[in-house]
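Architecture at a glance
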Amino acid sequence: MAKYLVTGAAGFIGRSIAAELLARGESVRGIDSLITGKRANLAGLEAMEFIEGDLAEPSACAKACDGVEVIFHEAALASVPRSVADPVATNVNCVDATLNLLVAARAAGVRRVVYAGSSSAYGDTPTLPKQEEMLPNPISPYAVAKLAGEHYMRVFARVYGLETVVLRYFNVFGPYQDPTSHYSGVLAIFCRMLLAGEQPTIHGDGEQSRDFTYIDNVVEANLLAASAPAAKVAGQMMNAATGSRITLNEAFKILCELTGYKGKPAYGPPRAGDVHDSLADIGRAKELLGYEPKVDFREGLRRTVEWYRESGAASESA
Ligand code: UD1
């Protein structure tokens, strides 16, 4: 019987958490609808029990939660522009799925759920860094959906005593992030294009900034959130990031050094629903989890470029 359930286990963040749990000798079950997750991402996770199933179906949630003690809920339909194009699909796969999972988790006697929140909840307010006490101000359907999930987490802790912990991720990047869809994270897209010698497009003037967070830091935050005392973390929400930011223009320059790309980016109109600047205060995660980011942006990007170069993932079709 698996102790841990990872939802979205064939996606970028889910498979990375599952891999670390397995490396630590834990028993893991994964579930993924394979809507955006990829079967290829399950390579190396053979010791994980895998269920192909959709959390929008309550029966799939019940099957996934059976006998489990802790859930890492990473399944979602990521991407701001995808949510602008199809807000209903984002709602079904983020909000309905999360509520179904929580109901099933409670029924199965799951002890703790760690939830993948999103920095998009803060919206485009000018104050930096973003602190958890700030009022949320979602400006895209994606941000609304991820924030609704956060509220369900807090309420299930309060009303039903489920130990829920929300980690608000800030622009996570690293190996296994899908670089082949135009809904992918910008660094995955740029790695693929620059390695292929293709010109990327920057939406806007490139002076927007992000607290880009290397995957290992987020995996670490999740494992800490799973083991921290309930008295400290149950019902809490905290940022998971690095506490520093970089503009897209600067990130592009570093990527040119790492990939050997010699061209310039194209510049297009700003993207609808885009936040201009994003930077986390990570004080709360430090205090509650003892979290400390271990891999900085440049080193994370170096490892990421290396992975895309060596795995061939950058040249595979979607
Ligand atoms: C948002 C969230 C992030 C979440 C992600 C999920 C914020 C601040 N961040 O990321 O925490 O994990 O959704 O999908 O809300 N861009 C280009 N060219 C491209 C692609 C993107 O210039 O080809 C630009 C975008 O316009 C944006 C920046 O790069 O300004 C980052 O975009 P993206 O990687 O899609 O992430 P966010 O929307 O910032």
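Residues numbered from 1 in each chain as written. Predicted model: local features only at pLDDT ≥ 70, side-chain atom pairs only at ≥ 80, totals over all residues. Heavy atoms only, no water.

Considerations on the environment of Leu102
The condition that has to hold: By the criteria applied, helices consist of DSSP H or I runs no shorter than four residues and strands consist of E runs no shorter than two, each listed in order from the N terminus. When accessible area is computed with a 1.4 Å probe and restricted to protein chains, residues below 20% of their type maximum are described as buried, those above 50% as exposed, and intermediate ones as partly exposed. In what follows, a contact means two residues having at least one pair of non-hydrogen atoms within 4.5 Å.
With respect to the secondary-structure elements, Leu102 resides in helix α4 (residues 87–108). A residue is classified by how much of its surface remains accessible, and Leu102, at 0% relative accessible area, is buried. On a C-alpha basis, the gap between Leu102 and Val172 in space is 24 Å, while along the polypeptide they are 70 residues apart. Those residues in contact with Leu102 that lie beyond four places of it in its chain are Val113, Tyr152, Met153, Phe156, Leu162 and Thr164.

Some thoughts on the domain arrangement of the protein chain
What counts, and what does not: Domain boundaries shown here were taken from an automatic or database domain assignment. The term buried area refers to how much accessible surface (probe radius 1.4 Å) is lost by two components on association, counted for both of them together. Should a side-chain nitrogen of Lys or Arg be within 4 Å of a carboxyl oxygen of Asp or Glu, the pair is scored as a salt bridge. N or O atoms closer than or at 3.5 Å make up a polar contact, with two conditions inside protein: a donor-capable atom paired with an acceptor-capable one, and, for residues adjacent in sequence, both atoms drawn from side chains.
Segmenting the protein chain into domains produces domain 1 (4–172 + 214–240) and domain 2 (174–210 + 244–275 + 296–315). Relative placement of domain 1 and domain 2: their C-alpha centres are 25 Å apart. Each side of the interface is counted separately: domain 1 has 20 residues, and domain 2 has 17 residues. Approximately 1600 Å² of surface area, both sides summed, lies buried where domain 1 meets domain 2, with 60% of it carried by carbon and sulfur atoms. When the buried surface of domain 1 facing domain 2 is broken down by residue, Phe12, Pro81 and Tyr214 rank first, second and third, together holding 32% of it. Our enumeration of links across domain 1 and domain 2 arrives at 2 salt bridges. Run the count over domain 1 and domain 2 and you get 3 residue pairs in polar contact (both at pLDDT 80 or more).

Remarks on the sheet that holds strand β6 (residues 163–169)
How we decide: What makes two strands pair is DSSP finding at least two bridges between them. Angles run from 0 to 180 degrees between N-to-C directions of axes, and those axes are lines fitted to C-alpha atoms, restricted for helices to the stretch in contact.
Spatially, the 7 strands line up as an open sheet ordered β3-β2-β1-β4-β5-β6-β11, and their pairing is parallel. A strand with exactly one partner marks an edge of an open sheet, and here the two such strands are β3 (49–52) and β11 (236–240). Taking each pair of neighbouring strands and ignoring which way they run, the sheet shows an average axis angle of 20°. By the bridge criterion, 4 bridges tie strand β1 (residues 4–7) to strand β4 (residues 70–73) in an arrangement that is parallel. By the bridge assignment, Tyr4 is partnered in β4 with Val70. Helix α5 (residues 141–160) contacts β4, β5 (112–118), β6 and β11 of the sheet and is inclined by roughly 155° relative to β5.

Structural notes on unusual backbone geometry
Omega for the bond connecting Leu128 with Pro129 falls within 30 degrees of zero, at -5°, which places this linkage in the cis form. By secondary structure assignment, the location of Pro129 is in the loop between β5 and α5. The backbone phi angle of Leu34 is positive, close to 60°, even though this residue is not glycine. Counting through the fold element by element, Leu34 comes out in the loop between β2 (28–32) and β3. Phi at Ser79 takes a positive value of approximately 105°, unusual for a residue other than glycine. You can see Ser79 is positioned in the loop between β4 and α3 (80–85).

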